[in-house]
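Each chain, written out:
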Amino acid sequence: MKKFLLSLSALTMAIGLAACSANDEENTDKNDTTKEAATSKVDVKKELVKFYMEIGNKVNAKDADLNSYMAKATKEDVTPEELPTVEDKTKASESAASVAAELNSIQVPSELSDQKSDLEAALKDYSASYQVKADELKKDKPSLTAGDDLFAQGEEKLGKVFEGAKLFPPTLGKQIN
């Protein structure tokens, strides 16, 4: 009888250990899958931030004359000597056209293929806003409101992509001005 009980308890413990170890393997597999999914999400977030920084850097490299013109044109209590000159306006127009061309040349990274169409739409709005500004600056009395409106549309589209990745929406306008 003692041998029977000893054998029965050994068998019970063996079954229990086998069940627990199988459960641990399943948990390990689930943890690995969860870590892989988290890694891919981190990569998307990282790529979005890098992409956003690339946009800002490329715009900042080309828009100095436009920013200078805007600073002079929007300054309050300005003397006639401080107003932007025709040369300033021409340089600003060329600067805006250069930014538009630069934005058209930006490619969405392959890591962001799921967001590609939305990012391209945002880039298109940003580029169009600078082109509108370039065209307006060729006029005697330019109005940059339409360009600003297109820029705001681009910001909204880029913000939605960032929110979809559970990131705060960026404000490119603050980075480039």
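Here, the structure is the one placed above.
Residues numbered from 1 in each chain as written. Predicted model: local features only at pLDDT ≥ 70, side-chain atom pairs only at ≥ 80, totals over all residues. Heavy atoms only, no water.

A. Region of interest: the packing of aromatic side chains. As enumerated under the stated definition, the model contains 3 aromatic pairs in all. Ring geometry for Tyr-52 against Phe-162: centres 6.0 Å apart, planes inclined by 75 degrees, an arrangement best described as edge-to-face. One end of the pair, Tyr-52, is in helix α1 (residues 2–62); the other, Phe-162, is in helix α5 (residues 145–164), with 110 residues separating them in the sequence. Across this residue pair, the class does not change: Tyr-52 and Phe-162 are buried. Both rings, one in Tyr-130 and one in Phe-151, keep their centres 6.2 Å apart while their planes meet at 80 degrees; by these two values the pair is edge-to-face. Residue Tyr-130 is found in helix α4 (residues 116–136), and its partner Phe-151 is found in helix α5; the two are separated by 21 residues along the sequence. Side by side, Tyr-130 and Phe-151 carry an identical accessibility label, which is buried. Sitting over the face of the ring of Tyr-130, Lys-133 holds its NZ or CZ atom 5.1 Å from the ring centroid. Its guanidinium or amino end placed over the ring of Phe-151, Lys-133 lies 5.8 Å from that ring's centre, counting from NZ or CZ. (Phe/Tyr/Trp six-rings, centres within 6.5 Å; stacked < 30°, edge-to-face > 60°. Helix = DSSP H or I, 4+ residues; strand = E, 2+ residues; numbered from the N terminus. Buried < 20%, exposed > 50% of the residue type's maximum accessible area, 1.4 Å probe, protein only. Lys NZ or Arg CZ within 6 Å of the ring centre and 35° of its normal.)

B. Structural detail: the environment of Ala-97. Relative to the elements of secondary structure, Ala-97 occurs in helix α3 (residues 86–105). With 34 residues separating them in the primary sequence, Ala-97 and Gln-131 have C-alpha atoms 5.5 Å apart. For Ala-97, the contacting residues outside a window of four places in its chain are Gln-131 and Ala-134. (Contact = heavy atoms within 4.5 Å.)

C. Representation of the environment of Val-59. Among the structural elements, Val-59 can be located in helix α1. Given a relative accessible area of 2%, Val-59 falls into the buried group. Sequence separation of Val-59 and Leu-103 is 44 residues, and the distance between their C-alpha atoms is 7.5 Å. Not counting the four nearest positions on each side in its chain, Val-59 is found in contact with Val-99, Leu-103, Tyr-130 and Ile-176.

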